[in-house]
Amino acid sequence: MPRYIVSRLAVTAVMALLATLVIFLIANMVPGDPILAQLGDVAASNKAFVAEWRAKWGLDLPLWERYLIFLKGVLHGDLGTSIASQRPVLEDIAQYAPATIELATVGFLLSLLIGVPLGMLAAIKRDSWVDHVARAVSLIGVSSPTFWLAFIMLALFYGGLQIAPGPGRLDPIAFSPPTVTGLFLVDSLLAGDVSTFRDAAAHLILPSIVLAAATLGLITRTTRASMLDNLHQDYVRVARAKGLRERRIVNGHVLPNALIPIVALGGLAYANLLTGAVMTETVFSWPGLGRYTFRSAEALDFPAIMGITLVVALTYLIINLVIDLSYAILDPRVAR
Amino acid sequence: MRAAAPGRTAPTPAVLAVSDLRTQFFTDAGVVRAVDGVSFTVGAGEALGIVGESGSGKSVTAQSLMRLLEEPARIVSGRIHFQGRDVLAMTPSELRKLRGAGMAMVFQDPMTSLNPVLRIARQLVETMMAHGSFGEGEATRRGVKLLGRMGITTPERAINSYPHQFSGGMRQRVALAMGMSNEPALLIADEPTTALDVTIQAQILELLSELNREFGTAIVLISHDLGVIAGLCSRVLVMYAGEVVEEGSAEAVLSDPKHPYSWALVNAVPRLDRDPTAGKRLTAIEGAPPDPLSEPPGCRFAPRCPFRIERCSDHPELLEIGPGHKSRCWVTQAGASLELPATAPLSTSPVAGEVGLATEGSEPGEGGIVALVRSSPPRPISPSGRAFGAPKERPTDLSHEGRGEEPPFPTPLLEVRGLVKHFALPKRGFFEPHRYVHAVDGVDLTVKRGETVGLVGESGCGKSTLARLILRIHRPDSGSILFEGNEIAQALPGTIRPLRRHLQMVFQDPYASLNSRMTVEQILDEPLRVHGLATTAAEIRERVAELLEIVRLDPKSGARFPHEFSGGQRQRISIARALAVKPSFIVADEPISALDVNIQAQILNLMLRLQEELGLTYLFIAHDLAVVRHISDRVVVLYLGKVAEVAPAKDLFAAPLHPYTRYLISAVPIPDASIERRRERLRLAGEPPSAVAPPSGCRFRTRCPLAQPICAETPPLLAEHRLGHFAACHFAGQF
C-alpha cells in the first residue's frame, strides 16, 4: 500500500511537469509575434529597438531556457501578469476560484446524495416506480442543455413563482462576509452571520441544480448499472445462503463493490464541474473561474489563459490521484 | 467443536424430505420446467449424490431447497420439509434463520463466490453473527479454528487476507468453513470441485467426507462426475430433463445402472481402473437432451435411447425395481437388463487400422450408438534409447543431440528442445526488478507422425503455454522447435504463415472460439481463402459441405450461426475449421473439458476416427487423466514448467516412475462406489508453488515425500529408466 501511494504520487508529479511543458509549448508556438503585436509597425521596423525588447522579455533566449524560467515562475506561484486586468494571474484566479469551488461542490454533493441512493433503489426495486423515476431523472438530466435548463429554472422559480433569488452569489444589497476561504457558506458561518449564510445558500440552489443535472443523471445511471451488475454476482447468492438480512447484503456486500466504478465517474464529474461551469456561471452572473476563462479568451489574454489551463490540468491530476488512492482503499486487489 | 456422529446403521429420521418438487422458469419464450416432480429424502448424516448433465435440473433442485432462486424461477408446487418444518411455507424471516444455520450451501466457483473486497474474517464471522450464535470475538476465534480444520495453513494470517490472495482450492476451503460455521444439519454442495484440479479435488472430497463423519452433517453433493459421487455418497439420484430417472445405492447405480441414461453416463467415461486394451470401449449416446420448452410426451430419454421400445411413447413412472433401487424405465421395470446389442460390427482387424469403428450415428439427434474399440496397442515407440536430452539450464545448448542414433523410424513431425518462455509480471514499483512467471522452463518434446501425445498437469503447469509456443502464438525466449524439419522457434511471421496450414489448433471453449457474427460457412471458408486452397465459390461450397460431413454435421447447415448449435456441435465446427486446411498436426487444448460426458465421448470418438481416416497427429492437452490415457499413445506429464515424466500411455499408468505422476493418477476418482471406498488413496498435500519463484533443484521436491538434500541442489535430468519411459527424478520408481 505505501508503495502504491508513492508510485501514484510520483506519476502525478511527472504528469504535472508534462502539463507545464505542453502549456508552455502551445503558448509559444501560436502563430503571431508578440513583439509585433505589442510594438506596432513603426517600432517593429527598428531592429535595435526590437532586439532590446526581445532581450527585455527574454525572447532572445533559447526555448528550453525560457521554459525553465517559466517553470521556475510556476513553482514560485508566479503565473505571469494578466494583460486585461494588469494583475498577477494567480491573484485573479484566487479571487474567482472560491465562487466556482463553492458552486461545483454543492452541485456535486447534490448529485451524489440524490444520485447514489436513487440508483441503488432503482436497482434493488427493478422495474418498480422508483426505477422509472430514476430512469426519467437520468434521461432528463443528461439530455437537457445547460443554457436551456438555466433559463427555464430562472424564468420559473425566480421570474414566475418568485420563490428563488435571482442571479449572483448574494442579494445586491447584501455585503460579502469577511474573506477567510472565499466560500461564502463557510465564511458566513465563521463570522456567525446566519442571515448571510441563508442568503448565500438560497442563491446557490438554482445554479447548483442546473450545474448538477447532467452529473446527477450520470451518477444515477452508473449506480443503477453497477448495483445490478453486482446484485447478480455469485457472492450475493452466497450471502443470501448464509442467512444475512437483505439490508446487510446490500449495504455490506453489494455497495462496497458497486462503489468502485462510481468513484471513478464521480471524481471525473467533479473535475468537470470545477472546470466547465462557463455556461451556468454566465447565466447566473456567477463571478467564478468559468466567466474569468471566458473573458480571458475573448481578450486573448495569454498569460491568463495559460494560468487557467494549468489550474485546470492540476485539478484533473489531483482528482485523478484521489480516485486512484480511494480505489486502493475500496478494492484490495488494486494495491498489492 | 462438538462432534455428533449419529449411528449410521440405525434408521435415522429424514433431515430433508422433498416430494413432487416442481420449479419452473417463466421466460419470454415459455415455461421451462427445470425441476419437474422430484422427490427424495436425506437421512441424518447421510450423503446423497445428484448427478446429471448440464440442464438436467440438479442445480435448480439444490437452490430450490433453500429457496434461493430469483425471478423468473418459481417453485410452483411440491413440498420441502426440513427437520419436520415446511420450508415452502416459511416467512422470509424464518427462511433467513434457516439459511446458513440449519441448511448451508457451497457453490461451484470459488473464484466468484467470495466477496472480493471484504476480508475473509468478515465474511466468515458474519455468518455466525447473523444467527446470533456467537459474538464477534468468539466468532473470530472460531473462524480461525474452522479455517485450520479445513486444512488452511496459518489460519490466523489467512483470516485477515482478502480472497484474491488465495488459490481456488483454498477459497473453496474458506467457503466450506463458512458453510460449516453454524454446524448445519445439512450441507448442500453444488459441484464443489468442478473448477479445481484433480489433486485439489481429491483433498476437498476427503475433507467433505471427514465433515460428514465427524459432525454428522448430512450432505447433498451435486456433480456431473460419477467418480466424485462414488467416493462420498451412499445413495445417488440420477436426473435427466428435470426428472429423477434413477435412484439407488451408489454401488448399485454405478455398477449396474437400471436406466439407459445412467447406463450411458457410466459407459461414456474412460476409466483408469479398466484395462484399456481389453475391449476398451467408449459408448456415446448421440444427440442432446430435449428442448426444455417442449419435452417429449413419453419417456424424455426415448429419442436418444438405444433400448427404446414401443411403450416408451408413454411417460414411465419412477418405480421400485429392486430393494431401494428405483428406475423410470419401461425396459428395466419389465425386468430386462441393459446390455448393448452385439450387432455393432466392431472392427478388430489391425489392417483396418488401430481404430475400429462401429456405427457412428450419422445424424446427431437421431438415436444411434457409437461404440469404439481400440484394438491394437499404440504404434511402436522407438525401441532404442530415444534420447530425450537432459533439460538444460541453458536450453540453447544442443550438445545432447548426438546421443540419439535413430534407427530407420519415421522422423518426428515435431521436435521441441529446451523450450523456455517466461512472462514478465507488471512491476511492483518503479525501481523494482522485473519478476517473471516461469511458464515453460526447458521442455523437450517429440511427436512422431500419426501418434497422439497427451499432455497433462495441474493448472498453471505450463501446458497451454507450451501449446501456444509450438503453434508460435507466443514466441519462445529460447529453445528450438523443429516442425517437419523447419526451425520455427524464432522464425518471422511471414516464414511461419505457410506452415500454419499444417499446424492447427482446437480450443477449449467452443463458445468463445467461434466468431458469433460469422456463419459456419464463413468460419470454415476463411482458412481456405487465406491459404488459397479454394478459390471459386463452387469449390468453397463443396469443401465446406465436405468438412461438415466429416465431422458429422448436416452439410446444409453452413448458413447457420454458431449460437444455433449446442456445445458439442460447436466443438465439431471447431474441429472442422482446424481440418479445413488439411493439416498434419492438431494441437487440442482441453477440447472436451467444457462438455458434458456424453458429448465428451462423442468428440473423443470423432477425433479418433479422424486420426484413423486422415492420418492426423495430435498433441492432446487435458487435465482428465482417464481421457488422456484413452486417446494417447504417449503421455507427457508437466510440473511447473518442466517435464516430470514421459512414457507410453500404458506404461505410464501401469508403472509411473515419478512420484508426482503417482499422485496424479491416485487422485482421479473412479466411478465405482465399491472400488472407490476400498481404494487407498495417496493424497498429495498442498498446492503447486508459485511459478514466479520455482523451487531450486527438483521443482516437485516441496511436495514430495521422497525429497532428499540432493533434490534441492541438483535438478534431476529427464532420463530413460525403461524403454521409452523417461522420468526426471533422482529417486525414480522408488515411491
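See above for the structure.
The structure displayed is predicted, hence computed values, not measured ones.

Conventions we followed
Residues numbered from 1 in each chain as written. Chains lettered and ligands numbered in written order. Predicted model: local features only at pLDDT ≥ 70, side-chain atom pairs only at ≥ 80, totals over all residues. Heavy atoms only, no water. Helix = DSSP H or I, 4+ residues; strand = E, 2+ residues; numbered from the N terminus. Buried < 20%, exposed > 50% of the residue type's maximum accessible area, 1.4 Å probe, protein only. Contact = heavy atoms within 4.5 Å. Areas by Shrake-Rupley, 256 points an atom, 1.4 Å probe, with all protein chains shown as cover. Buried area = accessible area lost by both parts, 1.4 Å probe. Salt bridge = Lys/Arg side-chain N within 4 Å of Asp/Glu carboxyl O. Pairing = 2+ DSSP bridges. Right-handed = clockwise from strand over helix to strand, strands pointing away. Core = buried A, V, L, I, M, F, W, Y, C linked by side-chain atoms within 4.5 Å. Polar contact = N/O pair within 3.5 Å; in protein donor to acceptor, adjacent residues only side chain to side chain. Expected span 1.5 Å × (residues − 1). Axes fitted to C-alpha atoms, helices over the stretch in contact; angles between N-to-C directions. Parallel < 35°, antiparallel > 145°, perpendicular 65-115°, else oblique. Left-handed = near helix turned anticlockwise from the far one by under 90°. Patch = residues over 30% accessible without salt bridge, like charges linked within 9 Å, V, L, I, M, F, W, Y side chains within 5 Å. Disulfide = S-S within 2.5 Å. Phe/Tyr/Trp six-rings, centres within 6.5 Å; stacked < 30°, edge-to-face > 60°. Lys NZ or Arg CZ within 6 Å of the ring centre and 35° of its normal.

Some words on the overall build of chain A
Then, in step 1: When helices and strands are counted, chain A shows 14 helices and zero strands.
Then, in step 2: Going from the N terminus to the C terminus, chain A shows its helices and strands as α-α-α-α-α-α-α-α-α-α-α-α-α-α.
Then, in step 3: Expressed as a percentage of the 336 residues in chain A, the buried residues total 42%.
Then, in step 4: Sequence separation of at least 24 residues holds for 71% of the intrachain contacts in chain A that already meet a minimum separation of 6.
Then, in step 5: Working note: accessible area of chain A is about 17,800 Å², and carbon and sulfur atoms make up 69% of it.

Focus on the overall build of chain B
Then, in step 1: Counting secondary structure elements, chain B contains 22 helices and 27 strands.
Then, in step 2: For chain B, the proportion of its 735 residues judged to be buried stands at 57%.
Then, in step 3: Contacts in chain B between residues at least 24 apart in sequence constitute 67% of all its contacts with a sequence separation of at least 6.
Then, in step 4: Of the roughly 28,900 Å² of accessible surface on chain B, 53% is carried by carbon and sulfur atoms.

Side note on the interface of chain A and chain B
Then, in step 1: Chain A puts 22 residues into the contact, and the matching count from chain B is 30 residues.
Then, in step 2: Both sides of the chain A and chain B interface together cover about 2,400 Å² of buried area, and 54% of this is carbon and sulfur.
Then, in step 3: By the criterion of area lost to chain B, the three top residues of chain A are A:Arg3, A:Arg237 and A:Lys242, representing 25% of everything that side buries.
Then, in step 4: Our count for the contact surface shared by chain A and chain B stands at three salt bridges.
Then, in step 5: Between B:Glu70 and A:Arg240 there is a salt bridge, with the nearest N and O atoms lying 3.1 Å from each other.

Observations concerning the pairing of strand 10 (residues 243-249) of chain B
Residue and element names in this part refer to chain B.
Then, in step 1: Burial runs high along strand 10: six of the seven residues are buried.
Then, in step 2: Sheet topology note: the strand 9 (residues 235-240)/strand 10 ladder contains six bridges and is antiparallel. Looking at the pairing, Arg 235 lines up with Ser 249 of strand 10.
Then, in step 3: Hairpin connection between strand 9 and strand 10: a loop of two residues separates the two successive antiparallel strands, and Ala 241 in this loop has a positive phi of roughly 50 degrees.
Then, in step 4: The pairing of strand 10 with strand 13 (residues 325-327) spans two bridges and is classified as antiparallel. Opposite Glu 246, over in strand 13, you have Ser 327 as the bridge partner.

Description of the pairing of strand 22 (residues 585-589) of chain B
All names here are of chain B.
Then, in step 1: Of all the five residues making up strand 22, five are buried; the element is thus mostly covered by neighbouring parts of the structure.
Then, in step 2: Along strand 22, one buried face is formed by Phe 585, Val 587 and Asp 589 and the opposite face, lined by Ile 586 and Ala 588, is buried too.
Then, in step 3: Examined bridge by bridge, strand 21 (residues 503-506) and strand 22 share four bridges and lie parallel to one another. Residue pairing across strands places Val 506 opposite Ala 588, the latter belonging to strand 22.
Then, in step 4: Pairing between strand 22 and strand 23 (residues 617-621): five bridges, direction parallel. Paired with Asp 589 across the two strands is Ile 621, which belongs to strand 23.
Then, in step 5: Each parallel crossover has a hand, and for strand 22 linked through helix 17 (residues 597-614) to strand 23 it is right-handed.

Considering the nonpolar core
Then, in step 1: Core analysis: the largest hydrophobic core is formed by 105 residues, its most contacted members being B:Leu16, B:Phe40, B:Met103, B:Leu186 and B:Ile188.
Then, in step 2: The contacts of B:Met103, once residues within four sequence positions are left out, are A:Ala241, B:Leu16, B:Leu65, B:Met66, B:Phe82, B:Val87, B:Leu98, B:Pro184, B:Leu186 and B:Ile188.
Then, in step 3: If you look at the next biggest cluster of nonpolar residues, it comprises 77 residues, including B:Ala534, B:Ala626, B:Cys698 and B:Phe731.

Concerning the environment of B:Ser674
Residue and element names in this part refer to chain B.
Then, in step 1: Along the chain, Ser 674 falls in helix 21 (residues 673-678).
Then, in step 2: Relative accessible area serves as the criterion here: at 30%, Ser 674 is assigned to the partly exposed category.
Then, in step 3: Between the C-alpha atoms of Ser 674 and Ala 250, which are 424 residues apart in sequence, the distance is 8.5 Å.
Then, in step 4: In this structure the side chain of Ser 674 is engaged in a polar contact, spanning 2.8 Å, whose partner is the side chain of Asp 672.

What to know about helix 4 (residues 136-149) of chain B
Residue and element names in this part refer to chain B.
Then, in step 1: In this model helix 4 runs 20 Å from its N-terminal to its C-terminal C-alpha over 14 residues, within 8% of the 20 Å that 1.5 Å per residue would give.
Then, in step 2: Taken together, the buried positions of helix 4 are occupied by Ala 139, Arg 142, Gly 143, Val 144, Leu 146 and Leu 147.
Then, in step 3: Directly beyond the C-terminal end of helix 4, a positive phi value near 90 degrees is found at Gly 151.

Some points on helix 7 (residues 146-160) of chain A
All names here are of chain A.
Then, in step 1: Between its first and last C-alpha atoms helix 7 spans 19 Å; for 15 residues at 1.5 Å apiece the expected length is 21 Å, and the two agree.
Then, in step 2: Within the sequence span of helix 7, burial applies to Leu 149, Ala 150, Met 153 and Leu 154.
Then, in step 3: Those residues of helix 7 that are buried are in contact with helix 9 (194-231) and helix 12 (278-283).
Then, in step 4: Once helix 7 finishes, Gln 162 follows within two positions and takes phi at roughly 55 degrees, a positive value.

What about the packing of helix 5 (residues 89-124) of chain A against helix 6 (residues 129-143) of chain A?
Residue and element names in this part refer to chain A.
Then, in step 1: The contact between helix 5 and helix 6 brings their axes to 8 Å, and the two run at 135 degrees. On the basis of the axis angle, helix 5 is oblique to helix 6. Along this stretch, helix 5 crosses helix 6, giving a crossing that reads as left-handed. Where helix 5 approaches helix 6, its residues Leu 118, Leu 121 and Ala 122 are matched on the opposing element by Val 130, Asp 131, Ala 134 and Val 137.

Considering the pattern of salt bridges
Then, in step 1: Scanning the entire structure with this criterion turns up 40 salt bridges over all chains.
Then, in step 2: In this structure, A:Arg237 and A:Asp234 form a salt bridge, with 3.6 Å as the shortest nitrogen-oxygen distance. Within this pair, A:Arg237 and its partner A:Asp234 are both found in helix 10 (residues 234-241), separated by three residues, close to a single helical turn.
Then, in step 3: Taking the relative accessible area as the measure of exposure, A:Arg237 reaches 23% and is therefore partly exposed.
Then, in step 4: When the shortest N-O distance is used, the salt bridge between B:Arg300 and B:Asp36 registers 2.8 Å. Here the residue B:Arg300 occupies a position in the loop between strand 11 (281-285) and strand 12 (319-322), and B:Asp36 occupies one in strand 2 (residues 30-43), the gap between them amounting to 264 residues.
Then, in step 5: The class of B:Arg300 is buried, set by a relative accessible area of 8%.
Then, in step 6: It is possible to trace a salt-bridge network through shared partners that takes in B:Asp20, B:Arg22, B:Arg33, B:Asp36, B:Glu243, B:Glu295, B:Arg300 and B:Arg328.

What to know about a nonpolar patch on the surface
Residues and elements named next belong to chain A.
Then, in step 1: Residues Phe 147, Trp 148, Phe 151, Ile 152, Leu 156, Leu 161, Ile 163 and Met 279 make up a contiguous nonpolar surface patch of roughly 830 Å² in combined accessible area.
Then, in step 2: Sort the elements by how many residues they give to the nonpolar patch and helix 7 lands first, with five residues.
Then, in step 3: Turning to its location among the elements, Met 279 is positioned in helix 12.
Then, in step 4: You can call Met 279 partly exposed: its relative accessible area is 43%.

Considerations on the state of the cysteines
Residue and element names in this part refer to chain B.
Then, in step 1: For the coordinates displayed, the defined rule picks out zero disulfides over all chains.
Then, in step 2: This cysteine, Cys 704, is not joined by any disulfide, and Cys 729 carries the nearest cysteine sulfur, 5.9 Å off.
Then, in step 3: Cys 704 gets classed as buried once you look at its relative accessible area, which sits at 17%.

Here's the deal with the packing of aromatic side chains
Residues and elements named next belong to chain B.
Then, in step 1: The tally for this structure, following the rule as stated, stands at 13 aromatic pairs over all chains.
Then, in step 2: Their ring planes at 50 degrees and their centres at 4.5 Å tell us that Tyr 240 and Tyr 261 sit as a pair that is tilted. Within this pair, whereas Tyr 240 is found in strand 9, its partner Tyr 261 is found in helix 10 (residues 260-268), the two being separated by 21 residues in sequence. The exposure classification of Tyr 240 matches that of Tyr 261, with both residues buried.
Then, in step 3: The aromatic ring of Trp 330 is capped on one face by Arg 311, whose charged end is 3.6 Å from the ring centroid.
Then, in step 4: Sitting over the face of the ring of Phe 653, Arg 629 holds its NZ or CZ atom 5.7 Å from the ring centroid.

Section: the sheet that holds strand 19 (residues 478-483) of chain B
Then, in step 1: If you walk across this open sheet you meet the four strands as 17-16-19-20 (chain B), and the pairing is antiparallel. In this open sheet, the two strands that pair with only one neighbour each are strand 17 (436-448) and strand 20 (486-487) of chain B.

Side note on the side chain of A:Ser138
Residues and elements named next belong to chain A.
Then, in step 1: Along the chain, Ser 138 falls in helix 6.
Then, in step 2: Classification of Ser 138 as buried rests on a relative accessible area of 5%.
Then, in step 3: Not counting chain neighbours up to four residues away, the residues in contact with Ser 138 comprise Gly 217, Thr 220 and Arg 221.

With respect to the sheet that holds strand 24 (residues 634-639) of chain B
All names here are of chain B.
Then, in step 1: Spatial strand order, 21-22-23-18-24-25-27-26: eight strands in an open sheet with mixed pairing. Each of the sheet's edge strands pairs with one partner strand only, and the pair in question is strand 21 and strand 26 (719-722). Pairwise comparison of adjacent strand axes, ignoring direction, gives a mean angle of 25 degrees for this sheet.
Then, in step 2: Against the sheet, helix 20 (residues 659-667) makes contact with strand 24 and strand 25 (642-648), and its axis sits at roughly 105 degrees relative to strand 24, the strand it touches most.

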